[in-house]
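# Architecture and fold: a report
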Amino acid sequence: MNNSNAIERLIRAGVTRGQIAAYVGCTRAAVSHWEAGRSIPSRPKLDALVKLATERGVVLLASDFGQAKQEAA
């Protein structure tokens, strides 16, 4: 499970990765990393994602968020 569902839901609602990044205060690369499951947003950034989704009428589910994928050792 990763964060791709949350980002994908926002993108389907017409929010660009750049807009997501600007809203939560990070880079587009960070958003791409969350989407790919390489990292997870910090709590303040996660809160901002939820706020953005709420403002845009996007329903996010708890299952939309998870832990970053573990790299194979």
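Structure's up top.
Our subject in this report is the structure included herewith. (Residues numbered from 1 in each chain as written. Predicted model: local features only at pLDDT ≥ 70, side-chain atom pairs only at ≥ 80, totals over all residues. Heavy atoms only, no water.)

## A look at the overall build of the protein chain
Counting its secondary structure elements, the protein chain contains four helices and zero strands. In the protein chain, which comprises 73 residues, the proportion classed as buried is 30%. Looking at the protein chain alone, contacts between residues at least 24 apart form 67% of all its contacts between residues at least 6 apart. (Helix = DSSP H or I, 4+ residues; strand = E, 2+ residues; numbered from the N terminus. Buried < 20%, exposed > 50% of the residue type's maximum accessible area, 1.4 Å probe, protein only. Contact = heavy atoms within 4.5 Å.)

## Side note on the environment of Thr16
Residue placement: Thr16 occurs in the loop between α1 (4–12) and α2 (17–24). You can call Thr16 partly exposed: its relative accessible area is 41%. When the C-alpha atoms of Thr16 and Arg28 are compared, they prove to be 9.4 Å apart, with 12 residues separating the residues in sequence.

## Observations regarding the packing of α1 against helix α3 (residues 28–36)
Between α1 and α3, the shortest axis-to-axis distance is 7 Å and the interhelical angle comes to 120°. On the basis of their axis angle, the class for α1 and α3 is oblique. Between α1 and α3, the contacting residues are Ser4, Ile7, Glu8 and Ile11 on the first element and Val31, Trp34 and Glu35 on the second. Residue classes in the contact of α1 with α3 are distributed as four nonpolar, one polar and two charged. (Axes fitted to C-alpha atoms, helices over the stretch in contact; angles between N-to-C directions. Parallel < 35°, antiparallel > 145°, perpendicular 65-115°, else oblique. Nonpolar A, V, L, I, M, F, W, Y, C, P; charged D, E, K, R; others polar.)

## Some points on the packing of α2 against helix α4 (residues 43–55)
Viewed as axis vectors pointing N to C, α2 and α4 meet at an angle of 120°, and their least axial separation amounts to 9 Å. By the criterion of interaxial angle, the relationship of α2 to α4 is oblique. By crossing handedness, the relation of α2 to α4 is classed as right-handed. Contacts between α2 and α4 involve Ile20, Tyr23 and Val24 from the first element and Lys45, Ala48, Leu49, Lys51, Leu52 and Glu55 from the second. (Left-handed = near helix turned anticlockwise from the far one by under 90°.)

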